[in-house]
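Here is what each chain is made of, one letter per residue.
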Amino acid sequence: MKKNLIASAGIILLVLSFTASAFAQTESTTKGPVIEFDKETHDYGTVYVNGDGNCVFTFTNKGNEPLVLSNVRAGCGCTVPEWPREPVLPGKSAQIKVKYTTLNRPHTINKSIVVTSNSIVDNTIVLRIKGEVVAAPNQASPEKVQSQLSAPGTK
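A few points on the structure. All of these numbers come straight from a predicted model, not from anything done at the bench.

Overview of the sheet that holds strand 8 (residues 124–134)
Strand order in the open sheet formed by four strands is 2-8-7-4, and the pairing between neighbours is mixed. The open sheet has two edge strands with one neighbour each: strand 2 (41–48) and strand 4 (69–74). Adjacent strand axes in the sheet meet at a mean angle of 15°, parallel and antiparallel pairs treated alike. The pairing of strand 4 with strand 7 (residues 107–117) spans five bridges and is classified as antiparallel.

Digging into the side chain of H107
Its place among the elements puts H107 in strand 7. Given the relative accessible area of 15%, H107 is considered buried. A polar contact of 2.8 Å, which involves the side chain of H107, links it to the side chain of Y100. Within the structure, the side chain of H107 is placed 2.6 Å from the backbone oxygen of R105, a separation counted as a polar contact. Dropping the residues within four chain positions of it, H107 is found in contact with Y100, E132 and V133.

Considering the environment of T102
Locating T102 in the fold gives a position in the loop between strand 6 (93–100) and strand 7. The exposure class assigned to T102 is buried, which follows from its relative accessible area of 3%. Sequence separation between T102 and V49 is 53 residues; the distance between their C-alpha atoms is 5.3 Å. Once you skip the residues sitting within four places of it in the chain, T102 turns out to touch V47, Y48, V49, N50, G51, G53 and V133.

Calculation rules
- Residues numbered from 1 in each chain as written.
- Predicted model: local features only at pLDDT ≥ 70, side-chain atom pairs only at ≥ 80, totals over all residues.
- Heavy atoms only, no water.
- Pairing = 2+ DSSP bridges.
- Helix = DSSP H or I, 4+ residues; strand = E, 2+ residues; numbered from the N terminus.
- Axes fitted to C-alpha atoms, helices over the stretch in contact; angles between N-to-C directions.
- Buried < 20%, exposed > 50% of the residue type's maximum accessible area, 1.4 Å probe, protein only.
- Polar contact = N/O pair within 3.5 Å; in protein donor to acceptor, adjacent residues only side chain to side chain.
- Contact = heavy atoms within 4.5 Å.

Structure, rendered in structure tokens:
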């Protein structure tokens, strides 16, 4: 009788421990949208003046509710982000496209883009772009040939 009672108590404890661990795993699942980027910094490396300043940041909704980007803003007018205005469903990915203007002169790129969303983890994320804009190598231009009409005349 004592052996049956001890065996029954052991089985009950075993069942309770499995139930508790299953409940703990259910409790830890995320309830809400979660944004996760493939990268948070884009390095252009070396870009020529007037070169391609486009880049893309891909993100995924790792949560279980739709993710909405409420605002994506850059620190200055030379950096223009484009982002999806519609909700990103759980498990789906989308992109933030960034155009950086490489005009004017050689300079260092170090800009930030602030992404605000309804993510329950890191609802504000700062993306960065960096690199170096350099002058294009001099290309030999053909010598201008002066014609009789364009040459200074002598009388």
